[in-house]
Amino acid sequence: MNWFLNFLNSTVGRKIVMSLTGLFLISFLLVHCSVNSLMFLNDDGLFFNEAAHFMASNILIRTIEIFLFLFLIIHILQSVAITRQNMKARTISYSGTSSTSTSKWYSRSMGILGSLILVFLVIHLKDFFIPSRFFDQLGFDSNGTPDMYSEVKEAFQNPAYAMIYVFSMIVLAYHLLHGFQSAFRSLGIYHKKYTPVIEFLGIAFSIIIPAVFAAMPIFFLLKK
Amino acid sequence: MKLTLKIWRQKNKSDKGGFETYQLNNVDTHASFLEMMDVLNEQLIEENKIPVAFDHDCREGICGACSMVINGRPHGPLKGTTTCQLHMRHFNDGETVTIEPFRANAFPVLKDLVVDRTSFERIQQAGGYISIGTGSAPEANNIPVNKVDADKAFDAAQCIGCGACVAACKNGSAMLFVGAKVSQYALLPQGHPERMERVLNMVAQMDEEGFGGCTNTGACEAECPKEISVANIMRLNREYISAKLSVERE
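Conventions we followed
- Residues numbered from 1 in each chain as written.
- Chains lettered and ligands numbered in written order.
- Predicted model: local features only at pLDDT ≥ 70, side-chain atom pairs only at ≥ 80, totals over all residues.
- Helix = DSSP H or I, 4+ residues; strand = E, 2+ residues; numbered from the N terminus.
- Buried ≥ 20, exposed ≤ 12 C-beta atoms within 10 Å, placed from the backbone.
- Contact = placed C-beta atoms within 7 Å.
- Domains from an automatic or database assignment.
- Nonpolar A, V, L, I, M, F, W, Y, C, P; charged D, E, K, R; others polar.
- Pairing = 2+ DSSP bridges.
- Arc of directions from axis to C-beta.
- Axes fitted to C-alpha atoms, helices over the stretch in contact; angles between N-to-C directions.
- Parallel < 35°, antiparallel > 145°, perpendicular 65-115°, else oblique.
- Left-handed = near helix turned anticlockwise from the far one by under 90°.

Colleague: So what about the overall build of chain B? Which residues, and what values?
Modeller: Along the backbone of chain B there are eight helices and seven strands. Expressed as lengths along the three principal axes of its C-alpha atoms, the size of chain B is roughly 60 × 40 × 35 Å. Taken across its 250 residues, chain B has 48% of its residues classed as buried. Within chain B, residue pairs in contact and separated by at least 24 positions form 71% of the contacts whose partners lie at least 6 positions apart.

Colleague: Outline the domain arrangement of chain B, listing residues and values.
Modeller: Residues and elements named next belong to chain B. Partitioning chain B into domains gives domain 1 (3–111) and domain 2 (117–133 + 140–246). Placing a centre on the C-alpha atoms of domain 1 and another on those of domain 2 gives a separation of 28 Å. The residue inventory of the side of domain 1 that touches domain 2, partitioned by class, reads eight nonpolar, eight polar and two charged.

Colleague: Go over the sheet that holds strand S1 (residues 3–9) of chain B with me, naming the residues and quoting the values.
Modeller: By way of backbone hydrogen bonds, the strands of a sheet pair with one another, either parallel or antiparallel. All names here are of chain B. Spatial strand order, S2-S1-S5-S3-S4: five strands in an open sheet with mixed pairing. The open sheet terminates on both sides in strands that have one partner only, identified here as strand S2 (18–24) and strand S4 (73–74). Bridge count between strand S3 (residues 69–70) and strand S5 (residues 96–100): two bridges; the pairing is antiparallel. From the neighbouring strand, Val 69 faces S5, where its bridge partner is Glu 100.

Colleague: An account of helix H7 (residues 148–156) of chain A is needed here, citing residue identities and associated values.
Modeller: All names here are of chain A. Where H7 is concerned, the buried positions are Met 148, Tyr 149, Glu 151, Val 152 and Phe 156. The arc enclosing the buried residues of H7, seen along the axis, measures out at 165°, which places them on a common side. Against the buried residues of H7 lie helix H3 (46–57), helix H6 (110–133), helix H8 (159–186) and helix H9 (195–223).

Colleague: A description of the packing of helix H1 (residues 2–9) of chain A against helix H2 (residues 11–36) of chain A should follow, citing residues and the corresponding values.
Modeller: Residues and elements named next belong to chain A. Where H1 contacts H2, the axes come no closer than 4 Å and their chain directions differ by 80°. Between H1 and H2, the angle is such that the two are roughly perpendicular. Packed against H1, whose contacting residues are Phe 7, Leu 8 and Asn 9, the element H2 presents Gly 13, Arg 14 and Val 17 at the interface. Counted by class, the contact of H1 with H2 contains three nonpolar, two polar and one charged residues.

Colleague: Please set out the environment of Ile209(A) residue by residue, giving values where relevant.
Modeller: All names here are of chain A. Tracing the backbone shows Ile 209 in helix H9. Taking the C-beta count within 10 Å as the criterion, Ile 209 has 20 such neighbours and is therefore assigned buried. In this structure, the C-alpha to C-alpha distance between Ile 209 and Leu 176, residues 33 residues apart in sequence, is 9.8 Å. For Ile 209, the residues in contact, after removing those within four places along its chain, are Leu 29, Leu 30 and Cys 33.

Colleague: Give me the packing of H2(A) against helix H4 (residues 59–89) of chain A: which residues, what numbers.
Modeller: Residues and elements named next belong to chain A. Relative to each other, H2 and H4 sit at 140°, their axes nearing to 9 Å. If you check the angle between H2 and H4, you find them oblique. For the pair H2 and H4, the sense of crossing is left-handed. Along its contact with H2, which presents Arg 14, Val 17, Met 18, Thr 21, Gly 22, Phe 24, Leu 25 and Phe 28, the element H4 presents Leu 68, Phe 71, Leu 72, Ile 74, His 75, Gln 78, Ser 79, Ala 81 and Ile 82. Across the contact of H2 with H4, the residue classes break down as 11 nonpolar, five polar and one charged.

Colleague: Can you lay out the interface of chain A and chain B for me, pointing to particular residues and giving the numbers?
Modeller: The interface is formed by 34 residues belonging to chain A together with 38 residues belonging to chain B. Listing elements by their share of the side of chain A that touches chain B, those giving two or more residues are H1, H2, H4, helix H5 (105–108) and H8 of chain A. In the side of chain A that touches chain B, the residues fall into 12 nonpolar, 16 polar and six charged.

Colleague: Outline unusual backbone geometry, listing residues and values.
Modeller: In most cases, non-glycine residues show a negative phi, while peptide bonds are predominantly trans. All names here are of chain B. For Asp 112, which is not a glycine, the phi torsion comes out positive at approximately 45°. Tracing the backbone through its elements, the reader meets Asp 112 in the loop between strand S6 (109–111) and strand S7 (114–115). Residue class for Asp 112 comes out buried when judged on the 25 C-beta atoms lying within 10 Å of it. Here the phi dihedral of Glu 227 falls at roughly 50°; this positive angle occurs in a residue that is not glycine. Among the residues examined, Glu 227 registers 13 C-beta atoms within 10 Å and is labelled partly exposed.

Colleague: Give a description of the pairing of S5(B) that names residues and reports values.
Modeller: Side chains on a regular strand alternate between the two faces of the sheet. Residue and element names in this part refer to chain B. In terms of burial, S5 is largely enclosed, as four of its five residues are buried. Where S1 and S5 come together, four bridges link them in parallel fashion. Considered in S5, the bridge of Thr 4 is made with Thr 96.

Colleague: Report on the environment of Pro131(A), specifying residues and quantitative values.
Modeller: Residues and elements named next belong to chain A. Position of Pro 131 relative to the elements: it lies in helix H6. Its 18 C-beta neighbours within 10 Å are what place Pro 131 among the partly exposed residues. Along the sequence, Pro 131 and Phe 40 sit 91 residues apart, while their C-alpha atoms lie 21 Å from each other. Pro 131 has contacts with Gln 137, Leu 138 and Glu 151, leaving out every residue within four places of it along the chain.

Colleague: Provide a residue-level description of the pairing of S1(B), including the pertinent values.
Modeller: Alignment of S1(B) against S2(B), held across seven bridges, turns out to be antiparallel. Looking at S2(B), one finds that Arg9(B) is bridged to Gly18(B).

Put into C-alpha coordinates, the structure is as follows:
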(Lines give C-alpha, C1' and ligand atoms only; values in the text may rest on other atoms or scores of the structure.)
Protein backbone atom coordinates (compact mmCIF):
# COMPACT_ATOMS: atom_id res chain seq x y z
CA MET A 1 0.00 0.00 0.00
CA ASN A 2 2.96 2.24 0.74
CA TRP A 3 4.06 2.14 -2.90
CA PHE A 4 0.60 3.23 -3.98
CA LEU A 5 0.52 6.30 -1.71
CA ASN A 6 4.04 7.08 -2.82
CA PHE A 7 2.81 6.80 -6.43
CA LEU A 8 -0.09 9.19 -5.84
CA ASN A 9 2.20 11.67 -4.11
CA SER A 10 4.75 11.87 -6.91
CA THR A 11 4.51 14.76 -9.37
CA VAL A 12 3.44 12.30 -12.07
CA GLY A 13 0.96 10.52 -9.80
CA ARG A 14 -0.70 13.74 -8.68
CA LYS A 15 -1.41 14.63 -12.28
CA ILE A 16 -2.92 11.19 -12.83
CA VAL A 17 -5.33 11.79 -9.97
CA MET A 18 -6.25 15.20 -11.46
CA SER A 19 -6.71 13.60 -14.82
CA LEU A 20 -8.89 10.65 -13.72
CA THR A 21 -11.13 12.76 -11.48
CA GLY A 22 -11.32 15.41 -14.22
CA LEU A 23 -12.37 12.85 -16.83
CA PHE A 24 -15.07 11.58 -14.47
CA LEU A 25 -16.35 15.15 -14.03
CA ILE A 26 -16.32 15.54 -17.83
CA SER A 27 -18.50 12.42 -18.19
CA PHE A 28 -20.85 13.88 -15.58
CA LEU A 29 -21.14 17.14 -17.58
CA LEU A 30 -22.28 15.14 -20.60
CA VAL A 31 -25.05 13.40 -18.62
CA HIS A 32 -26.09 16.59 -16.84
CA CYS A 33 -26.20 18.53 -20.11
CA SER A 34 -28.21 15.82 -21.88
CA VAL A 35 -30.87 15.66 -19.15
CA ASN A 36 -31.13 19.44 -18.90
CA SER A 37 -31.51 19.79 -22.65
CA LEU A 38 -35.00 18.32 -22.19
CA MET A 39 -35.96 21.77 -20.91
CA PHE A 40 -35.84 22.98 -24.50
CA LEU A 41 -38.80 20.70 -25.35
CA ASN A 42 -42.05 22.54 -25.76
CA ASP A 43 -44.00 20.62 -23.13
CA ASP A 44 -43.86 22.94 -20.11
CA GLY A 45 -41.11 20.80 -18.69
CA LEU A 46 -43.15 17.65 -18.15
CA PHE A 47 -40.56 15.31 -19.68
CA PHE A 48 -37.69 17.22 -18.02
CA ASN A 49 -39.38 16.94 -14.61
CA GLU A 50 -39.75 13.21 -15.08
CA ALA A 51 -36.10 12.83 -16.04
CA ALA A 52 -34.97 15.09 -13.16
CA HIS A 53 -37.09 13.07 -10.74
CA PHE A 54 -35.56 9.85 -12.03
CA MET A 55 -32.04 11.25 -11.59
CA ALA A 56 -32.92 12.41 -8.08
CA SER A 57 -34.50 9.18 -6.92
CA ASN A 58 -32.77 6.29 -8.70
CA ILE A 59 -30.55 4.39 -6.28
CA LEU A 60 -27.80 3.75 -8.85
CA ILE A 61 -27.65 7.43 -9.84
CA ARG A 62 -27.62 8.47 -6.19
CA THR A 63 -24.71 6.10 -5.53
CA ILE A 64 -22.74 7.48 -8.46
CA GLU A 65 -23.56 10.93 -7.11
CA ILE A 66 -21.65 10.14 -3.92
CA PHE A 67 -18.61 9.31 -6.03
CA LEU A 68 -19.16 12.45 -8.05
CA PHE A 69 -18.89 14.59 -4.93
CA LEU A 70 -15.97 12.55 -3.68
CA PHE A 71 -14.07 12.97 -6.97
CA LEU A 72 -14.94 16.66 -7.11
CA ILE A 73 -13.47 17.16 -3.63
CA ILE A 74 -10.36 15.14 -4.54
CA HIS A 75 -9.99 17.19 -7.75
CA ILE A 76 -10.13 20.41 -5.71
CA LEU A 77 -7.81 19.28 -2.90
CA GLN A 78 -5.32 17.84 -5.35
CA SER A 79 -5.28 21.06 -7.37
CA VAL A 80 -4.49 23.00 -4.20
CA ALA A 81 -1.64 20.60 -3.39
CA ILE A 82 -0.25 20.77 -6.95
CA THR A 83 -0.50 24.56 -7.10
CA ARG A 84 1.30 24.91 -3.77
CA GLN A 85 4.05 22.53 -4.84
CA ASN A 86 4.46 24.29 -8.18
CA MET A 87 4.58 27.73 -6.59
CA LYS A 88 7.27 26.48 -4.23
CA ALA A 89 9.38 25.39 -7.22
CA ARG A 90 9.90 29.02 -8.25
CA THR A 91 9.69 31.71 -5.59
CA ILE A 92 11.37 34.50 -7.59
CA SER A 93 9.59 35.41 -10.81
CA TYR A 94 11.04 37.00 -13.93
CA SER A 95 10.96 40.75 -14.42
CA GLY A 96 11.68 40.73 -18.15
CA THR A 97 8.65 40.39 -20.38
CA SER A 98 8.19 39.02 -23.86
CA SER A 99 5.63 40.18 -26.39
CA THR A 100 5.16 36.67 -27.69
CA SER A 101 3.68 34.08 -25.40
CA THR A 102 4.82 30.49 -25.68
CA SER A 103 1.75 28.98 -24.04
CA LYS A 104 -2.00 29.58 -23.98
CA TRP A 105 -3.25 31.88 -21.21
CA TYR A 106 -5.93 29.44 -20.13
CA SER A 107 -3.41 26.60 -19.80
CA ARG A 108 -1.54 28.78 -17.29
CA SER A 109 -4.72 29.85 -15.47
CA MET A 110 -6.36 26.53 -14.59
CA GLY A 111 -6.28 27.32 -10.87
CA ILE A 112 -8.06 30.65 -11.29
CA LEU A 113 -10.56 29.24 -13.78
CA GLY A 114 -11.20 26.30 -11.45
CA SER A 115 -11.70 28.61 -8.46
CA LEU A 116 -14.29 30.62 -10.41
CA ILE A 117 -16.07 27.37 -11.28
CA LEU A 118 -16.05 26.45 -7.59
CA VAL A 119 -17.75 29.76 -6.68
CA PHE A 120 -20.32 29.06 -9.38
CA LEU A 121 -20.82 25.52 -8.05
CA VAL A 122 -21.61 26.78 -4.55
CA ILE A 123 -24.33 29.08 -5.96
CA HIS A 124 -25.57 26.38 -8.32
CA LEU A 125 -25.77 23.61 -5.72
CA LYS A 126 -27.51 25.87 -3.22
CA ASP A 127 -30.16 27.00 -5.70
CA PHE A 128 -30.81 23.84 -7.71
CA PHE A 129 -29.21 20.74 -6.25
CA ILE A 130 -30.62 21.10 -2.75
CA PRO A 131 -34.22 21.83 -3.89
CA SER A 132 -34.03 18.96 -6.38
CA ARG A 133 -33.05 16.50 -3.67
CA PHE A 134 -35.49 17.70 -1.02
CA PHE A 135 -38.77 17.59 -2.87
CA ASP A 136 -40.81 19.34 -0.21
CA GLN A 137 -39.27 22.58 -1.42
CA LEU A 138 -40.73 22.05 -4.90
CA GLY A 139 -44.26 22.29 -6.27
CA PHE A 140 -45.77 19.63 -8.54
CA ASP A 141 -46.49 19.76 -12.25
CA SER A 142 -49.73 18.62 -13.93
CA ASN A 143 -48.46 14.99 -13.90
CA GLY A 144 -47.82 15.15 -10.17
CA THR A 145 -44.02 15.07 -10.60
CA PRO A 146 -41.87 17.47 -8.50
CA ASP A 147 -41.71 20.62 -10.61
CA MET A 148 -37.99 21.31 -11.08
CA TYR A 149 -38.77 23.04 -14.39
CA SER A 150 -40.63 25.94 -12.75
CA GLU A 151 -37.83 26.33 -10.21
CA VAL A 152 -35.25 26.69 -13.00
CA LYS A 153 -37.51 28.91 -15.11
CA GLU A 154 -38.13 31.31 -12.24
CA ALA A 155 -34.43 31.60 -11.39
CA PHE A 156 -33.32 32.17 -14.97
CA GLN A 157 -35.86 34.88 -15.62
CA ASN A 158 -33.72 37.10 -13.40
CA PRO A 159 -31.29 38.67 -15.94
CA ALA A 160 -28.46 39.19 -13.42
CA TYR A 161 -28.69 35.57 -12.33
CA ALA A 162 -28.76 34.39 -15.93
CA MET A 163 -25.63 36.43 -16.69
CA ILE A 164 -23.73 34.77 -13.82
CA TYR A 165 -24.55 31.47 -15.50
CA VAL A 166 -23.48 32.55 -18.95
CA PHE A 167 -20.20 33.96 -17.58
CA SER A 168 -19.52 30.78 -15.60
CA MET A 169 -20.04 28.68 -18.70
CA ILE A 170 -17.43 30.73 -20.56
CA VAL A 171 -15.04 30.06 -17.67
CA LEU A 172 -15.93 26.36 -17.82
CA ALA A 173 -15.29 26.32 -21.57
CA TYR A 174 -11.72 27.54 -21.12
CA HIS A 175 -11.13 25.17 -18.19
CA LEU A 176 -12.24 22.28 -20.41
CA LEU A 177 -10.33 23.52 -23.42
CA HIS A 178 -7.09 22.85 -21.57
CA GLY A 179 -8.31 20.18 -19.16
CA PHE A 180 -9.82 17.75 -21.64
CA GLN A 181 -6.71 17.12 -23.71
CA SER A 182 -4.36 17.66 -20.78
CA ALA A 183 -6.07 14.80 -18.91
CA PHE A 184 -5.09 12.38 -21.67
CA ARG A 185 -1.53 13.69 -21.76
CA SER A 186 -1.15 13.21 -18.02
CA LEU A 187 -2.18 9.60 -18.46
CA GLY A 188 0.60 9.24 -21.03
CA ILE A 189 -1.79 8.95 -23.96
CA TYR A 190 -0.08 10.58 -26.90
CA HIS A 191 -0.14 9.12 -30.35
CA LYS A 192 0.15 10.54 -33.86
CA LYS A 193 -3.12 8.83 -34.82
CA TYR A 194 -5.25 9.44 -31.75
CA THR A 195 -4.01 12.70 -30.23
CA PRO A 196 -5.47 14.86 -33.04
CA VAL A 197 -8.81 13.05 -32.52
CA ILE A 198 -8.65 13.69 -28.75
CA GLU A 199 -7.77 17.32 -29.36
CA PHE A 200 -10.67 17.74 -31.80
CA LEU A 201 -13.10 16.07 -29.39
CA GLY A 202 -11.76 18.28 -26.60
CA ILE A 203 -12.37 21.48 -28.53
CA ALA A 204 -15.83 20.31 -29.65
CA PHE A 205 -16.77 19.25 -26.11
CA SER A 206 -15.43 22.50 -24.57
CA ILE A 207 -17.55 24.58 -26.94
CA ILE A 208 -20.73 22.54 -27.28
CA ILE A 209 -21.40 21.53 -23.66
CA PRO A 210 -20.92 25.02 -22.10
CA ALA A 211 -22.83 26.56 -25.03
CA VAL A 212 -25.82 24.28 -24.44
CA PHE A 213 -25.70 25.04 -20.70
CA ALA A 214 -25.45 28.78 -21.39
CA ALA A 215 -28.38 28.53 -23.81
CA MET A 216 -30.66 27.49 -20.92
CA PRO A 217 -30.73 30.81 -19.01
CA ILE A 218 -30.86 32.68 -22.35
CA PHE A 219 -33.79 30.49 -23.44
CA PHE A 220 -35.79 31.32 -20.31
CA LEU A 221 -34.89 35.00 -20.48
CA LEU A 222 -36.20 35.20 -24.04
CA LYS A 223 -39.27 33.18 -23.11
CA LYS A 224 -40.21 35.63 -20.38
CA MET B 1 24.04 49.93 -32.24
CA LYS B 2 23.32 51.15 -28.73
CA LEU B 3 21.82 48.97 -26.04
CA THR B 4 20.69 49.45 -22.46
CA LEU B 5 21.29 46.28 -20.47
CA LYS B 6 19.35 45.54 -17.30
CA ILE B 7 21.31 42.71 -15.73
CA TRP B 8 20.73 40.70 -12.57
CA ARG B 9 23.75 41.06 -10.24
CA GLN B 10 24.14 38.83 -7.22
CA LYS B 11 27.41 38.42 -5.27
CA ASN B 12 26.83 34.89 -4.09
CA LYS B 13 24.22 32.31 -3.14
CA SER B 14 23.10 34.12 0.01
CA ASP B 15 23.14 37.65 -1.44
CA LYS B 16 19.73 39.13 -2.16
CA GLY B 17 20.77 40.48 -5.56
CA GLY B 18 19.17 43.06 -7.80
CA PHE B 19 19.19 44.63 -11.25
CA GLU B 20 21.95 46.97 -12.47
CA THR B 21 21.75 48.99 -15.66
CA TYR B 22 24.63 49.28 -18.14
CA GLN B 23 25.05 51.17 -21.41
CA LEU B 24 26.80 49.66 -24.43
CA ASN B 25 27.38 52.09 -27.29
CA ASN B 26 29.10 50.10 -30.00
CA VAL B 27 27.41 46.75 -30.24
CA ASP B 28 28.30 44.87 -33.42
CA THR B 29 25.15 43.39 -35.00
CA HIS B 30 27.23 40.38 -36.13
CA ALA B 31 28.29 39.61 -32.56
CA SER B 32 26.69 36.72 -30.72
CA PHE B 33 24.90 37.48 -27.47
CA LEU B 34 27.78 36.04 -25.46
CA GLU B 35 30.32 38.11 -27.42
CA MET B 36 28.25 41.17 -26.54
CA MET B 37 28.51 40.08 -22.89
CA ASP B 38 32.31 39.73 -23.34
CA VAL B 39 32.48 43.31 -24.62
CA LEU B 40 30.45 44.50 -21.66
CA ASN B 41 32.78 42.66 -19.26
CA GLU B 42 35.88 44.21 -20.86
CA GLN B 43 34.27 47.59 -20.40
CA LEU B 44 33.51 46.79 -16.75
CA ILE B 45 37.09 45.63 -16.13
CA GLU B 46 38.45 48.85 -17.62
CA GLU B 47 36.17 50.77 -15.29
CA ASN B 48 37.56 48.72 -12.40
CA LYS B 49 34.21 47.03 -11.80
CA ILE B 50 33.48 43.35 -11.29
CA PRO B 51 32.53 41.64 -14.59
CA VAL B 52 29.20 39.85 -14.94
CA ALA B 53 29.49 36.12 -14.30
CA PHE B 54 27.73 33.93 -16.85
CA ASP B 55 28.01 30.30 -17.94
CA HIS B 56 29.42 29.46 -21.36
CA ASP B 57 31.57 26.78 -22.93
CA CYS B 58 31.37 25.48 -26.50
CA ARG B 59 29.65 28.55 -27.98
CA GLU B 60 28.23 26.47 -30.80
CA GLY B 61 24.96 25.30 -29.27
CA ILE B 62 25.85 21.77 -28.21
CA CYS B 63 27.18 21.87 -24.65
CA GLY B 64 24.20 23.26 -22.75
CA ALA B 65 26.32 25.55 -20.58
CA CYS B 66 24.97 28.94 -21.56
CA SER B 67 21.72 29.92 -19.96
CA MET B 68 20.26 33.39 -19.23
CA VAL B 69 16.69 34.58 -19.55
CA ILE B 70 16.66 37.38 -22.13
CA ASN B 71 13.60 39.65 -22.09
CA GLY B 72 11.65 37.00 -20.22
CA ARG B 73 12.60 34.11 -22.50
CA PRO B 74 15.22 31.41 -21.78
CA HIS B 75 17.97 31.59 -24.46
CA GLY B 76 16.29 34.69 -25.90
CA PRO B 77 13.61 35.27 -28.51
CA LEU B 78 14.75 32.88 -31.26
CA LYS B 79 13.23 29.43 -31.69
CA GLY B 80 15.50 26.40 -31.41
CA THR B 81 18.69 28.24 -30.46
CA THR B 82 20.87 28.60 -27.41
CA THR B 83 22.04 32.00 -26.10
CA CYS B 84 25.41 31.55 -27.82
CA GLN B 85 23.68 31.07 -31.19
CA LEU B 86 21.63 34.24 -30.76
CA HIS B 87 22.99 37.24 -32.65
CA MET B 88 22.66 40.92 -31.86
CA ARG B 89 20.96 41.65 -35.20
CA HIS B 90 17.78 40.30 -33.62
CA PHE B 91 17.71 43.32 -31.30
CA ASN B 92 16.82 46.92 -32.12
CA ASP B 93 19.03 49.98 -31.73
CA GLY B 94 18.28 51.72 -28.44
CA GLU B 95 16.48 48.68 -27.01
CA THR B 96 16.54 47.84 -23.31
CA VAL B 97 17.41 44.18 -22.81
CA THR B 98 16.61 42.49 -19.50
CA ILE B 99 19.00 39.64 -18.63
CA GLU B 100 18.23 37.36 -15.68
CA PRO B 101 19.38 33.96 -14.48
CA PHE B 102 17.21 30.83 -14.95
CA ARG B 103 14.70 30.95 -12.10
CA ALA B 104 13.87 27.77 -10.22
CA ASN B 105 14.47 26.85 -6.61
CA ALA B 106 16.15 23.67 -7.81
CA PHE B 107 18.58 25.91 -9.75
CA PRO B 108 19.91 28.26 -7.04
CA VAL B 109 21.81 31.33 -8.29
CA LEU B 110 25.53 31.03 -7.52
CA LYS B 111 26.62 34.41 -8.86
CA ASP B 112 24.99 36.93 -11.23
CA LEU B 113 23.68 34.83 -14.14
CA VAL B 114 25.29 31.55 -13.10
CA VAL B 115 22.93 28.97 -11.61
CA ASP B 116 23.73 25.65 -9.98
CA ARG B 117 22.30 22.95 -12.26
CA THR B 118 23.80 19.95 -10.44
CA SER B 119 20.23 18.86 -9.65
CA PHE B 120 20.16 17.70 -13.29
CA GLU B 121 23.38 15.75 -12.75
CA ARG B 122 21.85 13.99 -9.74
CA ILE B 123 18.76 13.06 -11.77
CA GLN B 124 21.05 11.63 -14.45
CA GLN B 125 23.03 9.70 -11.85
CA ALA B 126 19.77 8.21 -10.58
CA GLY B 127 19.17 6.37 -13.86
CA GLY B 128 20.18 8.24 -17.00
CA TYR B 129 22.59 5.54 -18.18
CA ILE B 130 22.82 1.90 -19.27
CA SER B 131 25.01 -0.63 -17.48
CA ILE B 132 27.19 -2.41 -20.01
CA GLY B 133 30.57 -4.04 -19.97
CA THR B 134 33.22 -1.72 -21.35
CA GLY B 135 35.57 -2.89 -24.02
CA SER B 136 35.57 -2.66 -27.77
CA ALA B 137 32.38 -1.40 -29.35
CA PRO B 138 30.02 -4.26 -30.33
CA GLU B 139 28.92 -4.77 -33.94
CA ALA B 140 26.25 -2.11 -34.55
CA ASN B 141 23.92 -4.35 -36.54
CA ASN B 142 23.78 -7.18 -34.00
CA ILE B 143 20.63 -5.75 -32.43
CA PRO B 144 18.00 -4.67 -34.95
CA VAL B 145 16.38 -1.33 -34.13
CA ASN B 146 13.27 -0.02 -35.81
CA LYS B 147 14.10 3.16 -37.75
CA VAL B 148 11.12 5.13 -36.36
CA ASP B 149 12.12 4.31 -32.78
CA ALA B 150 15.77 5.02 -33.52
CA ASP B 151 14.80 8.47 -34.86
CA LYS B 152 12.63 9.22 -31.84
CA ALA B 153 15.41 8.11 -29.49
CA PHE B 154 17.86 10.30 -31.37
CA ASP B 155 15.52 13.29 -31.18
CA ALA B 156 15.23 12.79 -27.42
CA ALA B 157 18.99 12.33 -27.11
CA GLN B 158 19.52 15.78 -28.59
CA CYS B 159 18.66 17.23 -25.18
CA ILE B 160 21.73 19.11 -23.96
CA GLY B 161 20.44 19.39 -20.39
CA CYS B 162 20.63 23.19 -20.35
CA GLY B 163 17.55 23.59 -18.16
CA ALA B 164 15.65 26.03 -20.40
CA CYS B 165 12.55 23.83 -19.98
CA VAL B 166 12.68 24.39 -16.22
CA ALA B 167 13.32 28.10 -16.71
CA ALA B 168 10.39 28.42 -19.12
CA CYS B 169 7.88 26.38 -17.12
CA LYS B 170 5.64 28.36 -14.80
CA ASN B 171 5.90 25.42 -12.41
CA GLY B 172 9.68 25.06 -12.66
CA SER B 173 9.09 21.50 -13.83
CA ALA B 174 11.92 19.35 -15.18
CA MET B 175 9.69 16.86 -16.91
CA LEU B 176 10.81 17.67 -20.46
CA PHE B 177 14.42 17.00 -19.46
CA VAL B 178 13.59 13.81 -17.55
CA GLY B 179 11.16 12.76 -20.30
CA ALA B 180 13.88 13.11 -22.93
CA LYS B 181 16.43 11.19 -20.86
CA VAL B 182 13.97 8.39 -20.06
CA SER B 183 12.78 8.23 -23.67
CA GLN B 184 16.17 7.95 -25.31
CA TYR B 185 16.77 4.68 -23.48
CA ALA B 186 13.18 3.40 -23.32
CA LEU B 187 12.97 3.49 -27.11
CA LEU B 188 16.09 1.39 -27.67
CA PRO B 189 16.63 -2.30 -26.86
CA GLN B 190 19.86 -1.50 -24.99
CA GLY B 191 17.84 0.54 -22.52
CA HIS B 192 15.20 -2.09 -21.81
CA PRO B 193 16.78 -4.18 -19.01
CA GLU B 194 16.91 -1.18 -16.65
CA ARG B 195 13.83 0.54 -18.01
CA MET B 196 11.58 0.26 -14.95
CA GLU B 197 14.13 1.16 -12.29
CA ARG B 198 15.37 4.02 -14.42
CA VAL B 199 12.07 5.88 -14.64
CA LEU B 200 11.19 5.25 -10.99
CA ASN B 201 14.57 6.46 -9.73
CA MET B 202 14.77 9.46 -12.02
CA VAL B 203 11.27 10.69 -11.14
CA ALA B 204 11.96 10.15 -7.42
CA GLN B 205 15.16 12.20 -7.71
CA MET B 206 13.38 14.89 -9.74
CA ASP B 207 10.74 15.24 -7.02
CA GLU B 208 13.36 15.27 -4.28
CA GLU B 209 15.20 18.14 -5.99
CA GLY B 210 12.06 20.27 -5.68
CA PHE B 211 11.06 20.67 -9.34
CA GLY B 212 7.38 21.34 -9.92
CA GLY B 213 4.90 19.16 -11.80
CA CYS B 214 3.89 19.35 -15.44
CA THR B 215 0.58 21.04 -16.24
CA ASN B 216 0.90 20.57 -20.01
CA THR B 217 1.19 24.24 -20.94
CA GLY B 218 3.78 23.42 -23.60
CA ALA B 219 6.06 26.37 -22.71
CA CYS B 220 9.06 23.99 -22.34
CA GLU B 221 8.83 22.64 -25.87
CA ALA B 222 8.48 26.17 -27.26
CA GLU B 223 11.64 27.37 -25.48
CA CYS B 224 13.79 24.25 -25.84
CA PRO B 225 16.87 25.08 -27.96
CA LYS B 226 16.83 21.51 -29.26
CA GLU B 227 13.05 21.54 -29.80
CA ILE B 228 12.51 18.39 -27.75
CA SER B 229 8.86 17.34 -28.12
CA VAL B 230 6.41 17.21 -25.19
CA ALA B 231 5.61 13.72 -26.49
CA ASN B 232 8.59 12.74 -24.32
CA ILE B 233 6.69 13.90 -21.21
CA MET B 234 3.75 11.68 -22.21
CA ARG B 235 6.20 8.79 -22.64
CA LEU B 236 7.63 9.56 -19.19
CA ASN B 237 4.11 9.41 -17.72
CA ARG B 238 3.45 6.13 -19.52
CA GLU B 239 6.76 4.59 -18.44
CA TYR B 240 6.21 5.73 -14.86
CA ILE B 241 2.67 4.38 -14.64
CA SER B 242 3.62 1.00 -16.08
CA ALA B 243 6.75 0.76 -13.92
CA LYS B 244 4.87 1.68 -10.73
CA LEU B 245 2.16 -0.87 -11.45
CA SER B 246 4.41 -3.71 -12.54
CA VAL B 247 7.64 -3.54 -10.54
CA GLU B 248 7.40 -6.04 -7.65
CA ARG B 249 10.10 -4.67 -5.43
CA GLU B 250 10.69 -1.01 -4.65
